[in-house]
Amino acid sequence: MAASLFAPFRCTCAVSQSRSTIIHSTRVWASFSPPSSLSTRPLSRLSPNSMSQPSSAAESTPLTSEDDAVEAQSSDVLVQYVVLRRDLTDTWPVGSVVTQGCHASVSAIWSNKDDPHTLQYCSPENIDSMHKVTLEVKGETQILNLSAKLTAGGIAHKLWIEQPENFPTCLATKPYPKSIVSPYFKKLKLCK
């Protein structure tokens, strides 16, 4: 029945697990009950500081069901880090700085398109729930130092060099399990 409701509109719908509704843009078209095979974590098990990480109490609970096994496997979420230069926002429009991050992100993913983590990150099952962390550094020296640190650590990334200016504007990693890559970014601030 739902297919007949949506067919004339040819809309792409996304499932919101937290609200159990079918959403097109910001307009709710219809309610539904998720199939029993769809595994969703109860909100009480999420940490108040994280949208995707289970709380420490949930991590210490032994696995008792198939849902818990799936949750434990996904607790080390795949994440892509994007780091922008804060100093550019003083002279560039904010949209131009964001565009630089987009360039680096797409380039890092495309350059590693055959990597197992990238394939999983971009898979049809995960494409609508990608995790990115956008951070900032003060300027050119810091972005170059971070790139050197990542290279030394074997972390695949793209340092975006804007042309024709020929200077680094940002960088993005390929998707990695958060536990592997997050230590390289601990001292950086979220981009504001």
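Just so it is clear, the structure is predicted and the values come from calculations on it, not from any experiment.

Regarding the state of the cysteines
Two cysteines form a disulfide when their sulfur atoms are joined by a covalent bond.
Turning to step 1, where the next piece is worked out: According to the stated counting rule, one finds zero disulfides in the structure shown.
Turning to step 2, where the next piece is worked out: Between cysteine 170, a free cysteine, and cysteine 102, which holds the nearest cysteine sulfur, the sulfur-to-sulfur gap is 8.8 Å.
Turning to step 3, where the next piece is worked out: Look at cysteine 170 and you get buried, because its relative accessible area is 0%.

Re the confidence of the model for the protein
Turning to step 1, where the next piece is worked out: Model confidence for the protein is summarised by a mean pLDDT of 74, while 61% of its residues fall at 70 or above.
Turning to step 2, where the next piece is worked out: Predicted confidence for residues 1-64 stays below pLDDT 50, and this span has 61 contacts to residues more than four positions away or in other chains.

Notes on the nonpolar core
Turning to step 1, where the next piece is worked out: Judged by nonpolar contacts, the single largest core of 14 residues is most densely connected at Val83, Leu171, Val181 and Phe185.
Turning to step 2, where the next piece is worked out: The set of elements that each furnish at least two residues to this core consists of strand E4 (78-85), strand E5 (132-137) and helix H6 (140-152).
Turning to step 3, where the next piece is worked out: Beyond its immediate stretch of four places on either side in the chain, leucine 171 contacts Tyr81, Val82, Val83, Ala104, Ile143, Leu146, Ser147, Leu150, His157, Lys158, Leu159 and Trp160.
Turning to step 4, where the next piece is worked out: In this structure, Leu84, Trp92, Val97 and Ala172 belong to the second largest nonpolar core, which totals ten residues.

Remarks on the packing of aromatic side chains
Turning to step 1, where the next piece is worked out: The final tally for this structure, using the stated rule, is two aromatic pairs.
Turning to step 2, where the next piece is worked out: Here the aromatic rings of tyrosine 81 and phenylalanine 185 are separated by 4.3 Å at their centres, their planes lie at 5°, and the arrangement is stacked. Of this pair, tyrosine 81 sits in strand E4 while phenylalanine 185 sits in the loop between helix H7 (178-181) and strand E9 (189-190), placing them 104 residues apart in sequence.
Turning to step 3, where the next piece is worked out: In this structure phenylalanine 185 comes out as buried when scored by relative accessible area, which is 4%.

Some thoughts on the environment of leucine 146
Turning to step 1, where the next piece is worked out: Within the fold, leucine 146 resides in helix H6.
Turning to step 2, where the next piece is worked out: Between the alpha carbons of leucine 146 and phenylalanine 185 there is a distance of 8.7 Å; along the sequence they are 39 residues apart.
Turning to step 3, where the next piece is worked out: Setting aside its immediate chain neighbours within four residues, leucine 146 contacts Val83, Leu171, Tyr184, Phe185 and Leu188.

What about the pairing of E5?
Turning to step 1, where the next piece is worked out: With six bridges joining them, E4 and E5 adopt parallel strand pairing. Among the inter-strand pairings, valine 83 is bridged to a residue of E5, identified as leucine 135.
Turning to step 2, where the next piece is worked out: Relative to E9, E5 runs antiparallel, the two sharing two bridges. Counted as the bridge partner of leucine 135 is leucine 190 from E9.

Brief notes about the pattern of salt bridges
Turning to step 1, where the next piece is worked out: Tallied over the full model, the rule gives three salt bridges.
Turning to step 2, where the next piece is worked out: A salt bridge links arginine 85 to aspartate 87, with the shortest nitrogen-to-oxygen separation between them at 2.8 Å.
Turning to step 3, where the next piece is worked out: With a shortest N-O distance of 2.9 Å, lysine 174 and aspartate 115 are connected by a salt bridge. Taken together, the positions of lysine 174 in the loop between strand E7 (167-173) and strand E8 (176-177) and aspartate 115 in the loop between helix H4 (94-111) and helix H5 (116-121) put the pair 59 residues apart, joining distant regions of the chain.

Re empty space enclosed by the protein
Empty space among the atoms can be located by rolling a probe the size of a water molecule over them.
Turning to step 1, where the next piece is worked out: In this structure the tally under the stated criterion is one cavity of 30 Å³ or more.
Turning to step 2, where the next piece is worked out: Empty space within the largest cavity amounts to approximately 30 Å³.
Turning to step 3, where the next piece is worked out: What lines the largest cavity is Leu84, Arg85, Arg86, Thr89, Val97, Glu136 and Cys191.
Turning to step 4, where the next piece is worked out: By residue class, the composition of the lining of the largest cavity is three nonpolar, one polar and three charged.

Cut-off values and rules
- Residues numbered from 1 in each chain as written.
- Predicted model: local features only at pLDDT ≥ 70, side-chain atom pairs only at ≥ 80, totals over all residues.
- Heavy atoms only, no water.
- Disulfide = S-S within 2.5 Å.
- Buried < 20%, exposed > 50% of the residue type's maximum accessible area, 1.4 Å probe, protein only.
- pLDDT = per-residue confidence, 0-100.
- Contact = heavy atoms within 4.5 Å.
- Core = buried A, V, L, I, M, F, W, Y, C linked by side-chain atoms within 4.5 Å.
- Helix = DSSP H or I, 4+ residues; strand = E, 2+ residues; numbered from the N terminus.
- Phe/Tyr/Trp six-rings, centres within 6.5 Å; stacked < 30°, edge-to-face > 60°.
- Pairing = 2+ DSSP bridges.
- Salt bridge = Lys/Arg side-chain N within 4 Å of Asp/Glu carboxyl O.
- 1 Å grid on protein atoms, 1.4 Å probe; cavity = no way out; pocket = protein on both sides within 12 Å on 5 of 7 lines; lining within 4 Å.
- Points joined across faces, edges and corners; volume = space filled by probe spheres on them.
- Nonpolar A, V, L, I, M, F, W, Y, C, P; charged D, E, K, R; others polar.

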